[in-house]
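Each chain, written out:
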Amino acid sequence: MLNIKKFVSIISIMIISGLVLTACGSNTSKSKITAVGSTALQPLVEEAANEYQQNNDNVSITVQGGGSGTGLSQLQSKAVTIGNSDVFAENQNGIDAKKMIDHKVAVVGMAPVVNKAVGVKNLSMKQLSDIFTGKITNWKQVGGKNQQIEVINRVKGSGTRKTFEADVLKGKSAIKSQEQDSNGTVKKIVSSTPGAISYLAFSFMDDNTLQPISINNVKPNDKNVEDNSWKIWSYEHMYTNKNIDKSTKLFIDYINSKEVQNNLVKKIGYISIHNMKVTKDSNNQIVK
(Lines give C-alpha, C1' and ligand atoms only; values in the text may rest on other atoms or scores of the structure.)
Protein backbone atom coordinates (compact mmCIF):
# COMPACT_ATOMS: atom_id res chain seq x y z
CA MET A 1 0.00 0.00 0.00
CA LEU A 2 2.81 2.31 0.91
CA ASN A 3 4.54 1.60 -2.35
CA ILE A 4 1.37 2.43 -4.27
CA LYS A 5 1.08 5.76 -2.42
CA LYS A 6 4.69 6.57 -3.23
CA PHE A 7 4.12 5.66 -6.86
CA VAL A 8 1.05 7.93 -7.07
CA SER A 9 2.98 10.77 -5.40
CA ILE A 10 5.85 10.44 -7.86
CA ILE A 11 3.48 10.40 -10.84
CA SER A 12 1.69 13.49 -9.48
CA ILE A 13 4.99 15.36 -9.07
CA MET A 14 6.00 14.41 -12.62
CA ILE A 15 2.69 15.64 -14.04
CA ILE A 16 2.88 18.92 -12.14
CA SER A 17 6.52 19.42 -13.17
CA GLY A 18 5.58 18.78 -16.78
CA LEU A 19 2.83 21.40 -16.60
CA VAL A 20 5.23 23.91 -15.10
CA LEU A 21 7.84 23.24 -17.79
CA THR A 22 5.19 23.55 -20.50
CA ALA A 23 4.02 26.86 -19.06
CA CYS A 24 7.58 28.14 -18.90
CA GLY A 25 8.21 27.01 -22.44
CA SER A 26 5.18 28.93 -23.69
CA ASN A 27 6.46 32.06 -22.00
CA THR A 28 9.91 31.77 -23.53
CA SER A 29 8.78 31.05 -27.11
CA LYS A 30 9.92 33.95 -29.29
CA SER A 31 8.43 35.73 -32.27
CA LYS A 32 10.92 35.49 -35.14
CA ILE A 33 11.63 38.37 -37.51
CA THR A 34 13.99 38.04 -40.46
CA ALA A 35 15.11 41.20 -42.31
CA VAL A 36 17.10 40.74 -45.53
CA GLY A 37 18.29 43.07 -48.29
CA SER A 38 20.08 46.40 -48.63
CA THR A 39 23.66 46.41 -47.34
CA ALA A 40 23.42 50.21 -46.97
CA LEU A 41 20.50 49.85 -44.56
CA GLN A 42 21.88 46.77 -42.81
CA PRO A 43 23.97 48.59 -40.14
CA LEU A 44 20.97 50.62 -38.96
CA VAL A 45 18.63 47.61 -38.79
CA GLU A 46 21.27 45.49 -37.03
CA GLU A 47 21.95 48.05 -34.32
CA ALA A 48 18.25 48.82 -33.88
CA ALA A 49 17.54 45.07 -33.61
CA ASN A 50 20.21 44.63 -30.93
CA GLU A 51 18.81 47.51 -28.88
CA TYR A 52 15.21 46.36 -29.33
CA GLN A 53 15.92 42.78 -28.24
CA GLN A 54 17.55 43.97 -25.02
CA ASN A 55 14.16 45.24 -23.85
CA ASN A 56 11.99 42.71 -25.70
CA ASP A 57 13.30 39.23 -24.96
CA ASN A 58 10.21 37.65 -26.53
CA VAL A 59 11.44 38.61 -30.02
CA SER A 60 14.28 37.11 -32.08
CA ILE A 61 15.50 39.30 -34.98
CA THR A 62 17.88 38.12 -37.70
CA VAL A 63 19.36 40.72 -40.09
CA GLN A 64 21.19 39.86 -43.31
CA GLY A 65 22.42 41.70 -46.42
CA GLY A 66 22.25 40.44 -49.98
CA GLY A 67 21.10 43.60 -51.75
CA SER A 68 17.79 45.36 -52.30
CA GLY A 69 16.66 43.03 -55.09
CA THR A 70 17.26 39.96 -52.94
CA GLY A 71 15.38 41.43 -50.00
CA LEU A 72 12.34 42.33 -52.09
CA SER A 73 12.22 39.02 -53.96
CA GLN A 74 12.53 37.00 -50.74
CA LEU A 75 9.79 39.08 -49.15
CA GLN A 76 7.58 38.50 -52.18
CA SER A 77 8.08 34.74 -51.85
CA LYS A 78 7.38 35.06 -48.10
CA ALA A 79 10.77 33.62 -47.20
CA VAL A 80 11.51 36.62 -44.95
CA THR A 81 9.52 39.02 -42.78
CA ILE A 82 11.11 42.28 -43.95
CA GLY A 83 12.75 43.25 -47.24
CA ASN A 84 15.24 46.10 -46.79
CA SER A 85 15.68 48.24 -49.90
CA ASP A 86 17.42 51.40 -51.14
CA VAL A 87 14.89 51.70 -53.97
CA PHE A 88 11.12 51.75 -54.35
CA ALA A 89 9.70 48.27 -54.92
CA GLU A 90 7.85 49.71 -57.93
CA ASN A 91 11.21 50.23 -59.62
CA GLN A 92 12.52 46.70 -59.08
CA ASN A 93 11.95 44.24 -61.92
CA GLY A 94 9.75 41.27 -61.08
CA ILE A 95 8.34 42.76 -57.87
CA ASP A 96 4.62 43.34 -57.30
CA ALA A 97 4.75 46.42 -55.07
CA LYS A 98 0.97 46.49 -54.67
CA LYS A 99 1.19 43.45 -52.39
CA MET A 100 3.69 45.15 -50.06
CA ILE A 101 3.70 47.93 -47.48
CA ASP A 102 6.47 50.53 -47.73
CA HIS A 103 7.88 51.64 -44.36
CA LYS A 104 10.33 54.50 -44.97
CA VAL A 105 12.77 54.59 -42.06
CA ALA A 106 15.55 56.98 -43.08
CA VAL A 107 16.96 59.14 -45.87
CA VAL A 108 20.45 58.90 -47.34
CA GLY A 109 22.12 61.83 -49.08
CA MET A 110 24.70 61.17 -51.80
CA ALA A 111 27.28 63.46 -53.36
CA PRO A 112 29.92 63.45 -56.08
CA VAL A 113 33.47 63.22 -54.74
CA VAL A 114 36.78 63.79 -56.50
CA ASN A 115 40.46 63.25 -55.88
CA LYS A 116 41.64 66.34 -53.99
CA ALA A 117 44.28 67.20 -56.59
CA VAL A 118 41.85 67.92 -59.45
CA GLY A 119 41.28 71.50 -58.28
CA VAL A 120 37.46 71.55 -58.52
CA LYS A 121 34.98 72.13 -55.66
CA ASN A 122 31.79 73.04 -57.51
CA LEU A 123 30.01 71.87 -60.66
CA SER A 124 26.69 72.61 -62.29
CA MET A 125 24.26 69.70 -62.56
CA LYS A 126 24.76 69.78 -66.33
CA GLN A 127 28.55 69.59 -65.99
CA LEU A 128 28.21 66.64 -63.62
CA SER A 129 25.92 64.87 -66.07
CA ASP A 130 28.29 65.62 -68.96
CA ILE A 131 31.20 64.10 -67.03
CA PHE A 132 29.37 60.84 -66.36
CA THR A 133 28.05 60.61 -69.93
CA GLY A 134 31.50 61.27 -71.40
CA LYS A 135 30.96 64.71 -72.93
CA ILE A 136 33.49 66.32 -70.57
CA THR A 137 36.73 64.35 -70.33
CA ASN A 138 39.30 66.74 -68.83
CA TRP A 139 39.15 68.70 -65.56
CA LYS A 140 40.44 71.77 -67.40
CA GLN A 141 37.01 72.00 -69.11
CA VAL A 142 35.38 72.76 -65.76
CA GLY A 143 38.03 74.99 -64.20
CA GLY A 144 40.38 72.34 -62.82
CA LYS A 145 43.87 71.22 -63.74
CA ASN A 146 44.79 69.83 -67.15
CA GLN A 147 44.13 66.20 -66.31
CA GLN A 148 42.01 63.41 -67.74
CA ILE A 149 38.85 62.57 -65.80
CA GLU A 150 38.67 59.02 -64.45
CA VAL A 151 35.04 58.05 -63.80
CA ILE A 152 34.43 55.42 -61.11
CA ASN A 153 30.85 54.17 -61.23
CA ARG A 154 28.84 51.80 -59.05
CA VAL A 155 27.84 48.37 -60.35
CA LYS A 156 24.62 47.98 -62.31
CA GLY A 157 21.75 47.11 -60.00
CA SER A 158 23.20 49.19 -57.16
CA GLY A 159 20.55 51.23 -55.34
CA THR A 160 23.05 54.07 -54.99
CA ARG A 161 23.70 54.04 -58.74
CA LYS A 162 19.97 54.02 -59.52
CA THR A 163 19.48 57.08 -57.32
CA PHE A 164 22.45 58.94 -58.80
CA GLU A 165 21.44 58.24 -62.39
CA ALA A 166 17.80 59.19 -61.75
CA ASP A 167 18.73 62.49 -60.09
CA VAL A 168 21.69 63.45 -62.29
CA LEU A 169 21.59 61.67 -65.66
CA LYS A 170 17.81 61.87 -66.11
CA GLY A 171 17.58 58.86 -68.39
CA LYS A 172 20.93 59.27 -70.16
CA SER A 173 23.43 56.41 -70.19
CA ALA A 174 26.68 56.59 -68.25
CA ILE A 175 29.94 55.95 -70.10
CA LYS A 176 31.62 52.59 -69.70
CA SER A 177 34.06 52.85 -66.81
CA GLN A 178 35.45 51.06 -63.81
CA GLU A 179 32.65 49.85 -61.54
CA GLN A 180 32.77 49.12 -57.82
CA ASP A 181 30.20 47.61 -55.49
CA SER A 182 30.71 49.43 -52.19
CA ASN A 183 31.11 52.92 -50.73
CA GLY A 184 34.28 51.89 -48.90
CA THR A 185 36.03 50.63 -52.03
CA VAL A 186 34.99 53.70 -54.03
CA LYS A 187 36.38 55.95 -51.32
CA LYS A 188 39.78 54.26 -51.40
CA ILE A 189 40.03 54.29 -55.20
CA VAL A 190 39.04 57.94 -55.65
CA SER A 191 41.43 59.11 -52.94
CA SER A 192 44.36 57.27 -54.57
CA THR A 193 43.59 57.74 -58.29
CA PRO A 194 44.62 61.03 -59.98
CA GLY A 195 41.68 62.67 -61.77
CA ALA A 196 39.09 60.33 -60.26
CA ILE A 197 35.41 61.16 -59.64
CA SER A 198 32.60 59.05 -58.20
CA TYR A 199 29.77 59.46 -55.67
CA LEU A 200 29.26 58.39 -52.07
CA ALA A 201 26.71 58.39 -49.30
CA PHE A 202 27.23 61.34 -46.94
CA SER A 203 28.30 59.02 -44.12
CA PHE A 204 31.45 58.08 -46.08
CA MET A 205 32.60 61.69 -46.51
CA ASP A 206 33.82 61.95 -42.93
CA ASP A 207 37.48 62.84 -43.39
CA ASN A 208 39.84 64.89 -45.56
CA THR A 209 40.90 62.23 -48.05
CA LEU A 210 38.38 63.37 -50.70
CA GLN A 211 36.90 66.60 -52.05
CA PRO A 212 33.07 66.62 -51.90
CA ILE A 213 31.60 68.57 -54.83
CA SER A 214 28.93 71.24 -54.42
CA ILE A 215 26.32 71.41 -57.18
CA ASN A 216 25.17 74.81 -58.42
CA ASN A 217 26.92 76.20 -55.30
CA VAL A 218 24.71 74.13 -52.98
CA LYS A 219 26.71 72.12 -50.44
CA PRO A 220 26.02 68.43 -49.80
CA ASN A 221 24.73 68.34 -46.23
CA ASP A 222 21.72 67.07 -44.28
CA LYS A 223 19.98 70.44 -44.02
CA ASN A 224 20.00 70.92 -47.78
CA VAL A 225 18.62 67.42 -48.34
CA GLU A 226 15.76 68.01 -45.92
CA ASP A 227 14.23 70.78 -48.08
CA ASN A 228 15.44 69.31 -51.42
CA SER A 229 17.95 72.11 -52.06
CA TRP A 230 20.33 69.18 -52.51
CA LYS A 231 18.76 66.93 -55.15
CA ILE A 232 20.64 63.62 -54.84
CA TRP A 233 19.02 61.55 -52.10
CA SER A 234 16.84 58.53 -51.54
CA TYR A 235 14.80 56.76 -48.91
CA GLU A 236 15.77 53.66 -47.02
CA HIS A 237 12.77 51.31 -47.05
CA MET A 238 11.72 48.36 -44.89
CA TYR A 239 9.05 46.55 -46.89
CA THR A 240 6.60 44.03 -45.41
CA ASN A 241 3.77 42.00 -46.82
CA LYS A 242 0.32 43.43 -46.19
CA ASN A 243 -0.55 40.88 -43.53
CA ILE A 244 2.11 42.28 -41.20
CA ASP A 245 2.19 40.61 -37.77
CA LYS A 246 2.17 42.52 -34.51
CA SER A 247 5.81 41.81 -33.58
CA THR A 248 7.12 43.07 -36.93
CA LYS A 249 4.96 46.19 -36.78
CA LEU A 250 6.19 47.01 -33.27
CA PHE A 251 9.83 46.63 -34.37
CA ILE A 252 9.37 48.96 -37.36
CA ASP A 253 7.49 51.42 -35.12
CA TYR A 254 10.53 51.35 -32.83
CA ILE A 255 12.88 52.23 -35.70
CA ASN A 256 10.58 55.14 -36.61
CA SER A 257 10.42 56.33 -32.99
CA LYS A 258 12.01 59.61 -31.89
CA GLU A 259 14.45 57.62 -29.74
CA VAL A 260 15.97 55.87 -32.76
CA GLN A 261 15.49 58.64 -35.33
CA ASN A 262 17.15 61.30 -33.18
CA ASN A 263 20.05 59.11 -32.08
CA LEU A 264 20.91 55.90 -33.90
CA VAL A 265 19.84 57.13 -37.35
CA LYS A 266 22.06 60.21 -37.10
CA LYS A 267 24.92 58.29 -35.49
CA ILE A 268 25.15 55.94 -38.47
CA GLY A 269 25.06 58.83 -40.93
CA TYR A 270 21.49 58.84 -42.21
CA ILE A 271 18.95 61.66 -42.13
CA SER A 272 15.89 61.27 -39.90
CA ILE A 273 12.68 60.63 -41.80
CA HIS A 274 11.03 63.04 -39.33
CA ASN A 275 13.16 65.96 -40.54
CA MET A 276 12.17 65.79 -44.21
CA LYS A 277 10.17 68.77 -45.43
CA VAL A 278 9.45 67.19 -48.83
CA THR A 279 8.29 63.82 -50.14
CA LYS A 280 9.59 61.99 -53.21
CA ASP A 281 7.53 59.39 -55.07
CA SER A 282 8.59 56.28 -56.97
CA ASN A 283 8.82 58.33 -60.20
CA ASN A 284 11.48 60.49 -58.52
CA GLN A 285 9.13 63.47 -58.38
CA ILE A 286 8.83 65.80 -55.38
CA VAL A 287 5.17 65.73 -54.37
CA LYS A 288 5.18 68.20 -51.47
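It should be noted that the structure appears before, not after, this text.
These remarks concern the structure in this document. The structure presented is a predicted model; accordingly, all values stated were derived computationally and were not measured.

1. Some details on the side chain of S38
Its place among the elements puts S38 in the loop between β1 (31-37) and α2 (42-55). A distance of 3.0 Å separates a polar atom in the side chain of S38 from the backbone nitrogen of L41.

2. Examining the layout of surface pockets
Computed from the structure, the largest pocket encloses a volume of approximately 470 Å³. Considering the residues around the largest pocket, the lining is formed by 28 residues, among which T39, A40, D86, R154 and N183 are closest to the centre. Looking at side-chain class alone, the lining of the largest pocket contains 9 nonpolar, 15 polar and 4 charged residues. A volume near 200 Å³ is recorded for the second largest pocket. Around the second largest pocket, the lining is made up of 16 residues, and of these F88, N91, T163, A166 and N284 lie nearest the centre. Where the lining of the second largest pocket is concerned, the elements lending two or more residues are α5 (159-169) and β11 (233-241). Residue composition of the lining of the second largest pocket, by class: 5 nonpolar, 7 polar and 4 charged.

3. Topic: the packing of aromatic side chains
Summed over all chains, the structure comprises 8 aromatic pairs. In textbook terms, an aromatic cluster arises when at least three aromatic residues are bridged by ring pairs, as seen for Y52, F251 and Y254. Above the face of the W233 ring, K280 is positioned so that its terminal group lies 4.1 Å from the ring centre.

4. Details of the side chain of D167
With respect to the secondary-structure elements, D167 resides in helix α5. Among the polar contacts listed, one links the side chain of D167 to the side chain of N284, at a separation of 2.7 Å. The contact partners of D167, leaving out residues within four places of it in the chain, are M125, K231, I232, W233, K280 and N284.

5. Quick word on the nonpolar core
L128, I131, F132, W139, I197, M238 and F251 are the most contacted members of the largest nonpolar core, which has 79 residues in total. Those residues in contact with I131, other than ones at most four positions away along the chain, are L123, I136, W139, I149, V151, I175 and I197.

6. Quick word on the environment of I268
Positionally, I268 belongs in helix α9 (residues 258-268). I268 has contacts with P43, L44, E47 and S203, leaving out every residue within four places of it along the chain.

7. Regarding the pattern of salt bridges
For the structure on display, the rule yields 8 salt bridges. For D167, the salt bridge goes to K280, with nearest N and O atoms at 3.5 Å. Of this pair, D167 sits in helix α5 while K280 sits in the segment after α9, and the two are 113 residues apart along the sequence. Each of the two residues, D167 as well as K280, counts as buried. One salt-bridge network, in which partners are shared between bridges, spans R161, E165 and E179.

8. Looking at the packing of helix α4 (residues 125-132) against α5
In contact at an axis separation of 9 Å, α4 and α5 are set at 125° when each is read in the N-to-C sense. By the angle between their directions, the pair α4 and α5 is classed as oblique. Facing M125, L128, S129 and F132 of α4, the residues of α5 in contact are F164, D167, V168 and L169. Of the residues belonging to the contact of α4 with α5, the class tally is 6 nonpolar, 1 polar and 1 charged.

9. Some words on unusual backbone geometry
Glycine aside, a negative phi is what most residues show, and trans is what most peptide bonds show. Non-glycine residue K170 carries a positive phi angle of around 55°. As for its placement among the helices and strands, K170 is situated in the loop between α5 and β7 (178-180). The residue N228 is not glycine, and still its phi comes out positive at about 70°. Tracing the backbone shows N228 in the loop between α7 (222-226) and β11. Given the relative accessible area of 11%, N228 is considered buried.

About the criteria used
- Residues numbered from 1 in each chain as written.
- Predicted model: local features only at pLDDT ≥ 70, side-chain atom pairs only at ≥ 80, totals over all residues.
- Heavy atoms only, no water.
- Helix = DSSP H or I, 4+ residues; strand = E, 2+ residues; numbered from the N terminus.
- Polar contact = N/O pair within 3.5 Å; in protein donor to acceptor, adjacent residues only side chain to side chain.
- 1 Å grid on protein atoms, 1.4 Å probe; cavity = no way out; pocket = protein on both sides within 12 Å on 5 of 7 lines; lining within 4 Å.
- Points joined across faces, edges and corners; volume = space filled by probe spheres on them.
- Nonpolar A, V, L, I, M, F, W, Y, C, P; charged D, E, K, R; others polar.
- Phe/Tyr/Trp six-rings, centres within 6.5 Å; stacked < 30°, edge-to-face > 60°.
- Lys NZ or Arg CZ within 6 Å of the ring centre and 35° of its normal.
- Contact = heavy atoms within 4.5 Å.
- Core = buried A, V, L, I, M, F, W, Y, C linked by side-chain atoms within 4.5 Å.
- Buried < 20%, exposed > 50% of the residue type's maximum accessible area, 1.4 Å probe, protein only.
- Salt bridge = Lys/Arg side-chain N within 4 Å of Asp/Glu carboxyl O.
- Axes fitted to C-alpha atoms, helices over the stretch in contact; angles between N-to-C directions.
- Parallel < 35°, antiparallel > 145°, perpendicular 65-115°, else oblique.

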